[in-house]
Amino acid sequence: MSKKLSVQAKSSSQNTLPLGPRVIPRAEHPISRAQINEHALKVLYKLKDAGFRACLVGGGVRDLLLGREPKDFDIATDAHPEQVRQIFRNCRLIGRRFRLAHVFFGREIIEVATFRAALGDEHTDGKPRSGALLEDGRIIRDNVYGTIEQDAWRRDFSVNALYYDISTFSVLDYTGGMDDLKRGVLRLIGDPAVRFREDPVRLLRAVRFAAKLGFKLDPATEYHLPRLGYLLDDVSPARLFDEAIKLFQGGYGVQTFEMLRHYDLFCCLFPQTEEALTHEEHGFPLTFVVHALRSTDERIATNKPVNPAFLYAALLWEPVRLMAEARVTKGDCAIVPALQLAADAVLARQMHCTSIPRHLSNIMREIWSLQPGLLICKGPKVFKIMAHPRFRAAYDFFCLRAQAGEVSEELCQWWTQIQTLNEAEQKRMAGLGDNTGKKRKKRKKRTAKPKTQQDQAPQGTSHAP
Ligand code: ATP
Ligand code: MG
């Protein structure tokens, strides 16, 4: 299928020597321009016409080669960010760690990155060149520009380091990504111990891509997963929050969750949940989390919106529930305040691992606080709860609890049914129909009497004499 056009040894301080690209010409790969987003194509052509090298890279190339629909189209070029800005009027430069150009087409953004050098290429006289900044083996700033080869070697996985060159329509492979793609193997480029230390988020990315693509992990890459999770302690909670969303809202949440637990990485993101799941005998909580993830996966598969607050509420429910129940059992307080206190404690601890924006944690609290109310299906509270802006999410959450066997299925069906009825029927269902019934009975008695003129023509109608 592919042809090796040029193989040249290069001197480099990297672990693995770059050998020059293996070039896969247009006739030997399936990527056609018709599959590439029109705005990404525009950016590629404009860069090329301005005399720069321009390639599609990353997940876009990988997914097109696999016959999948890419999530986004990333572009790499030898134009520096400022040069990119000069070419596109609709362009903004962003980022501190990576300086990137965002080209806007209405609401769509095409990301353009300048080729960068790998870590090993940055050192001159034992010091990192300006633009690269290291701390304990971690890259904290990485703005050293380089060649396309260097750019390929500093990427994470070989299957993410394939370039579709707009000037020749060929695919360039510097790191053996095409072979790995064919074999269905996810392999971290270079020495995995070094590359995971440089950026521990790659541990999570390894799981995310393996689950999404259904790929096997290369043994050398896999070896480190259960051993290096502690490195995630040093990653900012904000970055881990973004990554957690990608992990669980990427459409493969169930597989990702199981794989994260298998490699002892889930505990690095959600330690309280892991603790609660490990000590639980009944299996409800695990089933509950899996149900929540499955329903999210199904919604994504059918293009329905998903709310990260709902998913986070599900992921943290078990520690919140256990803590609240312990308080109630001790006689400290009633269930609703107990849930609120537990939410405070669990959220505060979770923020050390993955931050949670305030607007999301507020929704999570509401979903949790409404749960005890859903156990009661009598009286005016039924209407109060149904009028709550978060009722629908709380009800969906309650149904997942029922599916997991934590609350009764009948209760869940009761709430499902009441939502399909009109107000009078709802009142009757909530045990408020009796009053209405009695009144009606009384009225009936009165109308049973011989009718007077007044009875026959109600006041104020046009039928009044
Ligand atoms: P997705 O389908 O999720 O968009 P992707 O492979 O495109 O997958 P992105 O997060 O969009 O992933 O990143 C684009 C590319 O940038 C990757 O394919 C990879 O080449 C490179 N990259 C991203 N994050 C890292 C990282 N932490 N270390 C090294 N390279 C990275
Ligand atoms: Mg991408």
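This text goes with the structure placed above it.
Residues numbered from 1 in each chain as written. Chains lettered and ligands numbered in written order. Predicted model: local features only at pLDDT ≥ 70, side-chain atom pairs only at ≥ 80, totals over all residues. Heavy atoms only, no water.

> Would you explain the nonpolar core in this entry?
Core analysis: the biggest nonpolar cluster contains 98 residues, and Phe248 and Trp368 have the highest contact counts within it. In terms of residues, this core owes the most to one element, helix 14 (residues 308–330), which gives 11 residues. Summarising the domain contributions, this core has at least three residues from each of domain 1 (15–183) and domain 2 (185–370). When near neighbours in sequence (up to four residues on either side) are disregarded, Trp368 contacts Tyr312, Ala313, Leu316, Trp317, Val320, Leu339, Ala343, Leu347 and Phe397. (Core = buried A, V, L, I, M, F, W, Y, C linked by side-chain atoms within 4.5 Å. Buried < 20%, exposed > 50% of the residue type's maximum accessible area, 1.4 Å probe, protein only. Helix = DSSP H or I, 4+ residues; strand = E, 2+ residues; numbered from the N terminus. Domains from an automatic or database assignment. Contact = heavy atoms within 4.5 Å.)

> For this particular structure, what's the right way to read the packing of aromatic side chains?
The tally for this structure, following the rule as stated, stands at 15 aromatic pairs. Where Trp414 meets Trp415, the ring centres are 5.0 Å apart and the plane angle is 80 degrees; that geometry is what we call edge-to-face. You'll find Trp414 and Trp415 in the same group, each marked buried. Every member of this aromatic cluster is reached through a ring pair, and the members are Phe241, Phe248, Phe257, Phe266, Phe270 and Tyr312. Just above the ring of Phe169 sits the side chain of Arg33; from NZ or CZ to the centre is 4.0 Å. Positioned above the aromatic ring of Phe209 is the side chain of Arg208, whose terminal nitrogen or guanidinium carbon lies 4.8 Å from the ring centre. (Phe/Tyr/Trp six-rings, centres within 6.5 Å; stacked < 30°, edge-to-face > 60°. Lys NZ or Arg CZ within 6 Å of the ring centre and 35° of its normal.)

> Help me understand the sheet that holds strand 12 (residues 170–173) in this model?
Within a beta sheet, neighbouring strands are joined by backbone hydrogen bonds and run either parallel or antiparallel to one another. What the eight strands build is an open sheet, ordered 1-12-11-2-3-6-5-4; its pairing is mixed. Only two strands of the sheet have a single partner each, and these edge strands are strand 1 (22–24) and strand 4 (91–94). The average undirected angle you get between the axes of adjacent strands in this sheet is 30 degrees. As paired strands, strand 4 and strand 5 (residues 100–105) are joined by four bridges and run antiparallel to one another. Across the sheet, the residue bridging to Leu93 is Ala101, located in strand 5. Across the sheet, helix 1 (residues 38–49) lies against strand 2 (54–57), strand 3 (74–77), strand 5 and strand 6 (108–114), angled at about 35 degrees from strand 6, the strand it touches most. (Pairing = 2+ DSSP bridges. Axes fitted to C-alpha atoms, helices over the stretch in contact; angles between N-to-C directions.)

Function cannot be read off these values alone, since they describe shape.
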